[in-house]
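# Remarks on the overall topology
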Amino acid sequence: MTALFSPLELRETTVPNRVMVSPMCQYSCEARDGLATDWHRTHLGSRAVGGAGLVMTEATAVEARGRISPEDLGIWSDEHAAALEPITDFISDQGSVPAIQLAHAGRKAATSRPWEGHDPLQPDEGGWEVIGPSDDPWPYEDGEAPPTTGLDQDGIEEVIDSFRAAAERSLDAGFEVAEVHAAHGYLLHEFLSPVTNHREDDYGGDFEGRTRLTREITAAVREVWPDDKPVFVRISATDWLPDRDSWTVDDSVRLADRLADVGADLIDVSGGGIHPESRPEYAGPNYQLRYAERIREETESDIAVGAVGGITTPEQAEAVIANDRADMAIVGREHLRDPYFTMTAARELDATDEIEGPPQYRRAWGF
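Residues numbered from 1 in each chain as written. Predicted model: local features only at pLDDT ≥ 70, side-chain atom pairs only at ≥ 80, totals over all residues. Heavy atoms only, no water.

## Considerations on the packing of aromatic side chains
Under the convention used in this document: Aromatic pairs are defined between Phe, Tyr and Trp rings, using the six-membered ring for Trp, whenever the two ring centres lie within 6.5 Å; interplanar angles under 30 degrees are classed as stacked, those over 60 as edge-to-face, and all others as tilted. Strands here mean DSSP runs of E at least two residues long; helices mean DSSP runs of H or I at least four residues long; both are numbered from the N terminus. Categorising residues by exposure relies on relative accessible area from a 1.4 Å probe, with only protein chains included: less than 20% of the type maximum marks a residue as buried, more than 50% marks it as exposed, and the intermediate range marks it as partly exposed. A positively charged side chain is recorded as over a ring if its NZ (Lys) or CZ (Arg) lies within 6 Å of the ring centre. The angle to the ring normal must also be within 35 degrees.
Enumeration according to the criterion identifies six aromatic pairs in this entry. Note on Y27 and W115: the rings are 6.0 Å apart at their centroids and 85° apart in plane angle, and the pair reads as edge-to-face. Of this pair, Y27 sits in the loop between strand 3 (19–21) and helix 1 (38–49) while W115 sits in the loop between strand 5 (97–103) and strand 6 (130–132), and the two are 88 residues apart along the sequence. A relative accessible area of 9% places Y27 in the buried class. A centroid spacing of 6.2 Å and a plane angle of 50° characterise the contact between Y340 and W365, whose relative ring orientation is tilted. Taken together, the positions of Y340 in the loop between helix 10 (333–337) and helix 11 (341–348) and W365 in helix 12 (residues 362–365) put the pair 25 residues apart, joining distant regions of the chain. Taken together through their ring pairs, the aromatic side chains of W240, Y287 and Y291 make up a single cluster. Lying over the aromatic face of W128, R67 brings its terminal NZ or CZ to 4.7 Å of the ring centre.

## Regarding the environment of G174
You can see G174 is positioned in the loop between helix 3 (153–172) and strand 8 (177–182). Each C-alpha atom, one on G174 and one on A82, is 9.7 Å from the other, the two residues being 92 residues apart in sequence.

## Regarding the pattern of salt bridges
Note the following rule: By definition, a salt bridge exists where a carboxyl oxygen of Asp or Glu is found within 4 Å of a side-chain nitrogen of Lys or Arg.
For the structure on display, the rule yields 24 salt bridges. The partner of R113 in a salt bridge is E116, with the nearest N and O atoms 2.9 Å apart. With a relative accessible area of 8%, R113 lands in the buried category. Using a relative accessible area of 39% as the deciding quantity, one classes E116 as partly exposed. Across the salt bridge formed by D201 and R199, the nearest N and O atoms sit 2.6 Å from each other. Taking the relative accessible area as the measure of exposure, D201 reaches 35% and is therefore partly exposed. On the basis of relative accessible area, R199 is assigned to the buried category, the value being 12%. Here the salt bridges share partners, and the residues they tie into one network are E30, R32, E71, R113 and E116.

## Observations concerning the nonpolar core
Formally: As used here, the term nonpolar core means buried Ala, Val, Leu, Ile, Met, Phe, Trp, Tyr and Cys residues forming a set that is joined through side-chain atoms within 4.5 Å. Here a residue-residue contact requires only that any non-hydrogen atoms of the pair lie within 4.5 Å.
Counting 83 residues, the largest nonpolar core has L4, L84, L102, F163, I217 and V221 as its most contacted members. The biggest single contributor to this core is helix 3, with six residues. When near neighbours in sequence (up to four residues on either side) are disregarded, I217 contacts V159, I160, F163, V180 and L188. In this structure, L8, V15, M56 and F232 belong to the second largest nonpolar core, which totals 15 residues.

## Here's the deal with helix 6 (residues 212–224)
Threshold: Helix span, expected: 1.5 Å multiplied by one less than the number of residues in the helix.
Counted at 1.5 Å a residue, the expected span for helix 6 with its 13 residues is 18 Å, and the 19 Å between its end C-alpha atoms agrees. Buried residues of helix 6: L213, T214, R215, I217, T218, A220, V221, R222 and V224, and no others.

## Some points on the sheet that holds strand 10 (residues 266–270)
Under the convention used in this document: DSSP calls a pair of strands paired once it identifies at least 2 bridges connecting them. Helix axes are fitted only over the stretch in contact, all axes being lines through C-alpha atoms; the angle between N-to-C directions runs from 0 to 180 degrees.
Spatially, the eight strands close up into a barrel ordered 3-4-5-8-9-10-11-12, and their pairing is parallel. Each strand of the sheet is rotated relative to its neighbour by a mean of 25°, with strand direction disregarded. Pairing of strand 3 with strand 12 (residues 328–331) involves three bridges; the strand directions are parallel. Bridge assignment links V21 to a residue of strand 12, and that residue is V331.

Below is the structure:
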């Protein structure tokens, strides 16, 4: 069997192949209410029709102030879960596994959409007060950051409760996988990184303190998520800031084992985002694969690892799995260019007998 089309067993959940649709923000809740729209149904559903083994939502805010933009998707009420349920039903009907990324934007919240400038929004402009490890705002080059509140102990408990409740609603909505978003400079990454975490209490200081919130939230999600279904965590493996004290791949290896201890099943390995100067060293093909590979090789646990970043061809995706460099090929922008990437891969890898494909499309795809 072609490695890319081999199933992945995580607990008692079977992902039919190793292609995952990366969470990609769509900024398309036009009513600014966080409710899924026809856009989300089409965007996610078409990738399931395209054959991806696992289809994950964009960063889905666990509370209203956790959105990046006012148009972001949310899961902070039963109404949000109900709006997502038809999407999970459709994804499942196509044979794909529906997954949700649970997120909180922290101090990077309250901005306009990228195509509208991605500028900070003040409360009187449709924005809101944002939260972080401290009251240090995101260092915008242009525009004043909205008011930033450093979380006290009560605030931390509220955030943990929000992730737990969001996981419960996600389960009700039909999702099979829950992913905790701890990457890209958003709230949990802000606690992980010494670049942004200057706290002196139990949630700051050394590695143990800075990783505490991510570990506690992962444990809270695991607590309400069924034992037979997997929990993922997305991390930034490195801050890409070698000129200062920052989060490193060594930290990520260590964290992966600690997350396995609290019930995580797969580490979704990305990078950067903690600061405007946090840029990739090389944005070429597979440019983050080396981080996923290190975590997979050096962790003491048997936690699975997903690789993302510059995977654009079927041959690349196949090599990632066949060479045991990662357990899952996470494909983002190429899925925007080709919603049927997995079916394309089946044809190019001469593996059409290893994927069913939608019967409505078999005439065209040769399945």
